[in-house]
Amino acid sequence: MIALLLANADGPTQNLSIFDPASPPAESIRQLSVLVLAITAFIFIAVEGILIYSIVRFRRRGATATGEPPQVYGSKPIEIAWTAAPALVVFVLVLVSARTLWEVNVPPPQPRERDNTLFATVVGRQWWWEYTYDHYNGRALGFTTANELHVPVSEEGIPRPVFLTLKSADVCHSFWVPRLAGKTDLIPGRINSMWFQTDRTGLYLGQCAEYCGTQHANMLLRVYVDTPDKFEHWLELQQKDRWPDKDDPRLRDERVRAGEKAFLAQSCINCHAVRGTPAKGTYAPDLTHLMSRRTLASGMIPNDPDDRPLDDLKGSKLLEWVADPQPIKPGCLMPSFGLGDRKRGDIVRYLLTLR
Ligand code: CUA
């Protein structure tokens with residue numbers, strides 16, 4: 001736990017420390033943590049100090065010691081003190097916790113035009129995250145993506161808050177990106193919400209924080225905080241269906257076409273969706289813009305670069321994943337389909353064009 005709190009993985013924007021907040025709710029939680037740590041540290045030092053003092057002061061002193069030291073029974077001042085002091089400490093902690101809850105639990109506002117607010121819905125699934133973008137800046141969006149959440153950065157005088165609606169499709173999960181906000185559970189049959197806002201761009205890492213089965217530890221969170229322009233560009237791309245770039249010569253590649261045919265003929269489409277094609281499964285991650293994501297398997301392994309040449313698939317992580325996901329993420333709900341080498345290669349080539 002300590003290691004997780006203090007972890008500083010790859011540079012300043014990728015750590016998981018609650019003591020390095022980048023968003024108002026995370027800052028409130030840091031202040032509360034520091035106060036609670038200070039109070040409990042003081043109590044610990046006082047109690048242990050008195051204990052050590054007593055052990056040393058009243059230890060048995062060899063042969064000269066005779067019988068027990070003087071015994072004291074009943075002391076009103078001491079009893080009042082040790083009742084009043086803890087009551088006071090608890091009272092202070094209750095007040096401060098209530099104030100923090102107040103700051104962290106902001107009810108989502110109504111979407112309005114030009115309010116720069118992003119509304120998205122997160123669905124926790126074994127063991128990945130589904131994101132549906134609902135509204136941004138008063139515009140209805142309505143597309144779905146997976147595992148990598150993109151949000152806009154706030155600027156001086158232009159806050160761009162993010163409100164998330166949290167649901168679960170199976171068991172309890174918990175959304176936790178320590179530098180942005182506290183944990184919020186995703187509970188079957190219940191709708192929760194949370195918010196954050198940050199003025200620092202970059203990648204923020206997180207982790208499912210509620211045990212949800214075999215691959216709980218590999219249900220990783222990635223939040224990209226983009227500049228407004230980059231975010232708008234990303235939104236524009238994600239809203240498009242399949243075949244966004246008609247000039248891409250790769251789309252005329254015969255093996256890509258064969259791959260698409262094979263993909264649409266296999267059981268892939270029972271679970272996965274590629275918008276603009278007959279693949280409409282909603283049980284597994286939406287693949288429409290698969291290659292715009294940097295990782296596979298909910299942040300576990302790097303995805304191939306989106307401009308990867310199609311000729312030689314050697315070392316392709318996507319190929320490795322499609323061939324058999326089980327050695328990479330044991331227990332995950334995608335099986336190995338035992339496809340032939342050629343068919344598998346073609347399907348991966350098709351997937352590589354989903355930008
Ligand atoms: Cu999802 Cu733990």
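Everything numeric here is computed off the predicted structure, so don't read it as measured data.

Engineer: For helix α5 (residues 254-265), give the residues involved together with the corresponding values.
Structural biologist: Counted at 1.5 Å a residue, the expected span for α5 with its twelve residues is 16 Å, and the 17 Å between its end C-alpha atoms agrees. Considered for burial, the residues of α5 that qualify are Val-256, Gly-259, Glu-260, Ala-262 and Phe-263. Along α5, the residues classed as buried sweep out an arc of 165 degrees about the axis, all on the same side. In α5, the exposed positions angled more than 90 degrees off the buried face are occupied by Glu-254, Lys-261 and Ala-265. Here the buried face of α5 lies against α6 (268-271) and α8 (341-352). Where α5 begins, the side chain of Asp-253 points an oxygen toward the backbone nitrogen of Arg-255, at a separation of 2.8 Å.

Engineer: Explain the sheet that holds strand β4 (residues 148-152) to me, using residue names and the numbers behind them.
Structural biologist: The three strands lie next to each other as β4-β10-β9, forming an open sheet whose pairing is mixed. Either end of the sheet is taken by a strand with one partner, and the two such strands are β4 and β9 (202-207). The mean angle between the axes of side-by-side strands here comes to 25 degrees, regardless of whether they run parallel or antiparallel. Here β9 runs beside strand β10 (residues 220-226); their pairing, made up of six bridges, is antiparallel. Residue pairing in the sheet places Gly-206 in a bridge with Leu-221 of β10.

Engineer: Provide a residue-level description of the packing of helix α2 (residues 24-57) against helix α3 (residues 76-104), including the pertinent values.
Structural biologist: One can describe the packing of α2 onto α3 by two numbers: an axis separation of 9 Å at closest approach and a directional angle of 170 degrees. As summarised for this structure, α2 and α3 are arranged roughly antiparallel, according to the angle between their axes. Between α2, through Pro-25, Ser-28, Ile-29, Gln-31, Leu-32, Leu-35, Val-36, Ile-39 and Ile-43, and α3, the contact on the second element is made entirely by Val-89, Leu-93, Val-96, Ser-97, Arg-99, Thr-100, Glu-103 and Val-104. When grouped by side-chain class, the residues that make up the contact of α2 with α3 number eleven nonpolar, four polar and two charged.

Engineer: Hey, could you go over the sheet that holds strand β2 (residues 128-136) for me, with residue numbers and the actual values?
Structural biologist: Pairing within the open sheet is mixed, and its five strands lie in the order β3-β2-β1-β5-β8. Bordering the open sheet on either side are β3 (139-146) and β8 (192-196), each of which pairs with just one other strand. On average, adjacent strands in this sheet sit at an angle of 20 degrees to one another, irrespective of strand direction. The pairing of strand β1 (residues 118-125) with strand β5 (residues 162-168) spans seven bridges and is classified as parallel. Directly across from Val-123, in β5, lies its bridge partner Lys-167.

Engineer: Let's hear about a nonpolar patch on the surface: which residues, and what values?
Structural biologist: Among the surface-exposed residues, Leu-51, Ile-52, Ile-55 and Val-56 lie close enough to one another that they form a single nonpolar patch of about 370 Å² accessible area. Residue class for Val-56 comes out partly exposed when judged on its relative accessible area of 46%.

Engineer: Lay out the packing of α5 against α8 in plain terms, naming residues and giving numbers.
Structural biologist: Relative placement of two packed helices is described by the angle separating their axes and the distance separating the axes. Remark: α5 packs on α8, axes separated minimally by 7 Å, with the N-to-C direction vectors making an angle of 100 degrees. Looking at the two axes, α5 sits roughly perpendicular to α8. Between α5 and α8, the residues in contact are Arg-255, Val-256, Ala-258, Gly-259, Glu-260, Ala-262 and Phe-263 and Lys-343, Asp-346, Ile-347, Arg-349, Tyr-350 and Leu-351, respectively. Among the residues making up the contact of α5 with α8, the classes are represented as seven nonpolar, one polar and five charged.

Engineer: So what's going on with α8? Which residues, and what values?
Structural biologist: For an α-helix the count is 3.6 residues per turn, leaving residues at separations of three or four pointing the same way. Helix length check: α8, at twelve residues, gives a terminal C-alpha distance of 16 Å against a target of 16 Å (1.5 Å per residue), a fit within 8%. Counting buried residues in α8 gives nine out of twelve residues, a clear majority hidden from the surface. Regarding α8, the residues found buried are Arg-344, Gly-345, Asp-346, Ile-347, Val-348, Arg-349, Tyr-350, Leu-351 and Leu-352.

What counts and how
- Residues numbered from 1 in each chain as written.
- Predicted model: local features only at pLDDT ≥ 70, side-chain atom pairs only at ≥ 80, totals over all residues.
- Heavy atoms only, no water.
- Helix = DSSP H or I, 4+ residues; strand = E, 2+ residues; numbered from the N terminus.
- Expected span 1.5 Å × (residues − 1).
- Buried < 20%, exposed > 50% of the residue type's maximum accessible area, 1.4 Å probe, protein only.
- Arc of directions from axis to C-beta.
- Contact = heavy atoms within 4.5 Å.
- Polar contact = N/O pair within 3.5 Å; in protein donor to acceptor, adjacent residues only side chain to side chain.
- Pairing = 2+ DSSP bridges.
- Axes fitted to C-alpha atoms, helices over the stretch in contact; angles between N-to-C directions.
- Parallel < 35°, antiparallel > 145°, perpendicular 65-115°, else oblique.
- Nonpolar A, V, L, I, M, F, W, Y, C, P; charged D, E, K, R; others polar.
- Patch = residues over 30% accessible without salt bridge, like charges linked within 9 Å, V, L, I, M, F, W, Y side chains within 5 Å.
- Areas by Shrake-Rupley, 256 points an atom, 1.4 Å probe, with all protein chains shown as cover.
- Salt bridge = Lys/Arg side-chain N within 4 Å of Asp/Glu carboxyl O.

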